[in-house]
Each structure stands twice: as C-alpha cells, then as structure tokens.
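One-letter residues, chain by chain:
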Amino acid sequence: GAMSEDDEAVSICRRLAATRPCDFEPNLALSLNNLSELLLPFDRRAGAIAAAEEGIALLTAHHARHPDAHQETMDELAATLANARAVEAGTEKAP
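Residues numbered from 1 in each chain as written. Predicted model: local features only at pLDDT ≥ 70, side-chain atom pairs only at ≥ 80, totals over all residues. Heavy atoms only, no water.

A closer look at the nonpolar core
To keep it simple, the criterion reads: By nonpolar core is meant a set of buried Ala, Val, Leu, Ile, Met, Phe, Trp, Tyr and Cys residues that side-chain atoms within 4.5 Å join together. Relative accessible area decides the class of each residue, using a 1.4 Å probe on protein chains only: under 20% of the type maximum gives buried, over 50% gives exposed, and in between gives partly exposed. Here a helix means four or more residues in a row that DSSP labels H or I, a strand means two or more in a row labelled E, and each is numbered from the N terminus. In this description, contact between two residues means that some pair of their heavy atoms is separated by no more than 4.5 Å.
V10, L28, L32, L40, A48 and A84 are the most contacted members of the largest nonpolar core, which totals 17 residues. Going through the elements one at a time, α1 (2–19), α2 (21–39), α3 (45–65) and α4 (67–89) are the ones with two or more residues in this core. Apart from the residues lying within four places of it in its own chain, the contact partners of A84 are L40, A48 and I49.

Put into structure tokens, the structure is as follows:
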C-alpha cells in the first residue's frame with residue numbers, strides 16, 4: 001500500500017543522503033513529510049511527529065543556506081508537524 005511505498009522511498013532517500021547529503025537530504029525531508037501525513041490516519045501519532053521533526057531537522061541547514069529553494073517543503077513540514085501535534089493533543093482529528 002501507500003505506506004509501504006513511502007517507507008521504501010524514505011529508505012532509498014536515506015541511503016542516497018548518506019552518500020550525498022547536499023543533494024538528497026531535501027528529498028529525504030519531503031519523503032518523511034509524506035510518511036508523516038500517511039501515519040496520522042492510522043493512529044501512529046508518535047511516528048508521524050518523529051518523521052516530521054526529522055524532516056525539519058534535515059532541511060533546516062539547507063533552508064538557512066538557500067531559503068527560497070526549500071521554502072515550500074519547510075512550510076509543508078511545519079504544517080504537517082503542527083497537525084500531528086494537534087491530533088496528539090486531542091484538539092484536532094486525524095485526516
């Protein structure tokens with residue numbers, strides 16, 4: 001299903017980012033965002049938050065050097081993390 005495909009995308013991006021971080025960490029961050037969005041409806045809030053937080057951490061250094069290049073991805077990650085935290089806190093329902 002979609003979750004296993006996103007897990008596979010994250011695994012592939014992790015391997016690529018390990019060898020060429022500047023080229024592939026933004027892709028890994030986006031894959032982590034996608035995984036986070038998929039985990040929420042399956043009541044895997046902790047995993048969703050962890051994936052979004054990891055994506056933000058990876059992209060922060062890239063964003064500082066090239067803010068326009070990754071602004072959309074940073075915005076998506078921030079929104080996903082805020083949503084996951086709201087669901088965990090019970091102030092919002094999972095999609």
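Structural notes on the pattern of salt bridges
When their charged atoms lie close together, side chains carrying opposite charge are able to pair. As a reminder, the rule being used: Any Lys or Arg side-chain nitrogen found within 4 Å of a carboxyl oxygen on Asp or Glu counts as a salt bridge.
Within the structure shown, the criterion is met by three salt bridges. With a closest N to O distance of 2.5 Å, E54 and R14 form a salt bridge. Placement of E54 in helix α3 and of R14 in helix α1 is noted, with a sequence separation of 40 residues between them. What makes E54 partly exposed here is its relative accessible area of 28%. Taking relative accessible area as the criterion, R14 reaches 37% and is therefore assigned partly exposed. D23 is the salt-bridge partner of R20, the closest N and O atoms lying 2.8 Å from each other. D23 gets classed as partly exposed once you look at its relative accessible area, which sits at 44%.

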